[in-house]
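# Secondary and tertiary structure notes
The chain contents come next:
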Amino acid sequence: MKLPQSIQPVDATHVRYRGRRLVYFGGCDYYRLTRHPHLLKAHAQAVARDGLGTGASRMTTGNHPTHDALEAVLKKFFDCESATVIGDGYLANIALGQALGSGAKAFDALFIDEYAHLSLRDAAKFVGCPVVTYRHCDGDDLAKRLAKRKNDRQILLLTDGVFGATGRITPIANLAKVLPHGSVVWVDDAHGAGVLGDRLRGTVEHVAPSGFKGRELIQSTTLSKAFGSYGGAILGPTWLRKSLLDSNRVVTGSSSLPAAYAAAAKTALGLLRTRPGLAKRLQRNTVFVKDTLRESGLAIDASVFPVVSLNCPAPKEATVLRRRLLANGIYPSCIRYPSDKADAFYRFAISSEHTSAQLEKLAEALCP
Ligand SMILES: Cc1ncc(COP(=O)(O)O)c(C=O)c1O
């Protein structure tokens, strides 16, 4: 399988593709912070001061003051006992799987959503207990499968907070409810963090603002989507941090996040906290597109997440949509995962920076 054709960004909402300047609804940069002047400045200053990389893992000589500063800001932003910065979001999940498998807590079984992100599925292998897959976002199916393992009391649940491909928000409160008390809920909130919830703390704040009674929450996330930078983070109780620092293979054996990306992520967290207009604009744009599509008769899910996803079971359908998008000056963001049997689908990520005219063009292309 070949890689898709490369795409050259032009500005916050345009890319150059096959010689044309097209409006871009791809990716996950929901606030287009990757090119925000404050982030660019923080990054440039850190590169000038610290160089490009740290040259070592955090457990050796690669622990940088900006990592500590970012962790302090993450702890406050997400209101958690500890935050640990890791090289990227995929690695954060691997490190977390290793930490949970290292004996800090013993689990009888691990339950994972059938569509969990690849990194969660890989991470599950490190936990070292039986793995049970339950039906996508289905609390009843989870309860049924739990009932078959009556003697298991220490359960670890793994799920994405928001499924990035479809924008579906996981009903985490319903899932947590069926778990025995003392269970641990691990939410990979790569997409929800910075987007959902009153304080943008993510899916759990959006779905279960007062948390889960009797079940412990652990979260992992990326710094490369809503936060416009690069890197990963693990958010959770103090015992988890301790476990991560006790001979974790990723923390010990992988170069730490370049300080410049940590500085940019820290700036992004500050912007999202102090500029509520960004999140309001993102919500307004999302509501506009989804309401317009619904009014035109398109079956759009009820998710408030800024993603519109359309399945294209037949190649002809995909070609027709591609032509309509190109005719409207929009980049045809068609996705086909090589490892999945699933059909190709079009995914459109709405951002806070798209103009009304661009959003109207998208709605027009999707509802001819
Ligand atoms: C749900 C989820 N988890 C983890 C990751 C990996 O994050 P990163 O790109 O920072 O490695 C992604 C990225 O695509 C994701 O969508």
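Summarised in this report is the structure supplied together with it. (Residues numbered from 1 in each chain as written. Predicted model: local features only at pLDDT ≥ 70, side-chain atom pairs only at ≥ 80, totals over all residues. Heavy atoms only, no water.)

Within the secondary structure layout, N285 lies in helix α11 (residues 276-295). Judged by relative accessible area, N285 falls into the buried class, the value being 9%. The residues contacting N285, other than those within four sequence positions of it, are I350, S351, S352, E353, H354 and L359. (Helix = DSSP H or I, 4+ residues; strand = E, 2+ residues; numbered from the N terminus. Buried < 20%, exposed > 50% of the residue type's maximum accessible area, 1.4 Å probe, protein only. Contact = heavy atoms within 4.5 Å.)

Moving on: the nonpolar core. Y30, Y31, L74, F78 and F227 are the most contacted members of the largest nonpolar core, which totals 37 residues. Going through the elements one at a time, α2 (65-78), β4 (82-86), β12 (232-236), α10 (259-274) and α11 are the ones with two or more residues in this core. Counting residues domain by domain, this core receives three or more from each of domain 1 (8-30 + 276-366) and domain 2 (37-274). In this structure F78 touches A193, L200, R201, F227, L235 and L269, once residues within four positions along its chain are discounted. Judged by nonpolar contacts, the second largest core, of 26 residues, contains L110, C129, L156 and L158. (Core = buried A, V, L, I, M, F, W, Y, C linked by side-chain atoms within 4.5 Å. Domains from an automatic or database assignment.)

Relative to strand β2 (residues 14-17), strand β1 (residues 8-11) is paired through three bridges, and the arrangement is antiparallel. Opposite D11, over in β2, you have H14 as the bridge partner. The hairpin turn running from β1 into β2, its antiparallel successor, is two residues long. The pairing of β2 with strand β3 (residues 20-23) spans four bridges and is antiparallel. The residue bridging H14 from the neighbouring strand is V23, located in β3. In this antiparallel pair of consecutive strands, β2 and β3, the connection spans two residues, and R18 shows a positive phi of 50°. (Pairing = 2+ DSSP bridges.)

Scanning the entire structure with this criterion turns up 15 salt bridges. Its salt-bridge partner being R145, residue D141 comes within 2.7 Å of it at the nearest N-O pair. You can see D141 and its partner R145 sitting in helix α5 (residues 139-147), four residues apart, about one turn around the helix. With relative accessibility at 29%, the residue R145 sits in the partly exposed group. Within the structure, one salt-bridge network assembled from shared partners comprises R58, D68, E71 and R241. (Salt bridge = Lys/Arg side-chain N within 4 Å of Asp/Glu carboxyl O.)

Another point: the site of the ligand. In the region of the ligand, 13 residues are neighbours, and G89, D188, H191, T222 and K225 sit closest. Residue D88 places a side-chain N or O atom 3.5 Å away from an oxygen atom belonging to the ligand. Coverage of the ligand by the protein amounts to 82% of the 390 Å² it exposes when considered alone. Class assignment for the residues of the shell around the ligand results in two nonpolar, seven polar and four charged. (Near = heavy atom within 4 Å. Polar contact = N/O pair within 3.5 Å; in protein donor to acceptor, adjacent residues only side chain to side chain. Areas by Shrake-Rupley, 256 points an atom, 1.4 Å probe, with all protein chains shown as cover. Nonpolar A, V, L, I, M, F, W, Y, C, P; charged D, E, K, R; others polar.)

Considering all chains together, one arrives at eight aromatic pairs under this definition. Ring plane angle 5° and centroid distance 6.2 Å describe the contact between Y346 and F348, whose orientation is recorded as stacked. Per residue, the accessibility class of Y346 equals that of F348, and both read buried. By way of ring pairs, the aromatic residues Y17, Y24 and Y331 are connected into one cluster. (Phe/Tyr/Trp six-rings, centres within 6.5 Å; stacked < 30°, edge-to-face > 60°.)

Turning our eyes to something else, we now look at the sheet that holds strand β15 (residues 344-349). The strands that make up a sheet are held in pairs by hydrogen bonds between backbone atoms, and each pair lies either parallel or antiparallel. Ordered in space as β13-β15-β14, the three strands form an open sheet in which the pairing is antiparallel. Strand pairing shows two members of the sheet lacking a second neighbour, β13 (307-312) and β14 (334-335), which therefore form its edges. The sheet contact formed by β14 and β15 spans two bridges and is antiparallel. Each residue of the ladder has a partner; that of C334, found in β15, is Y346.

Any functional reading would require information that these geometric values do not contain.
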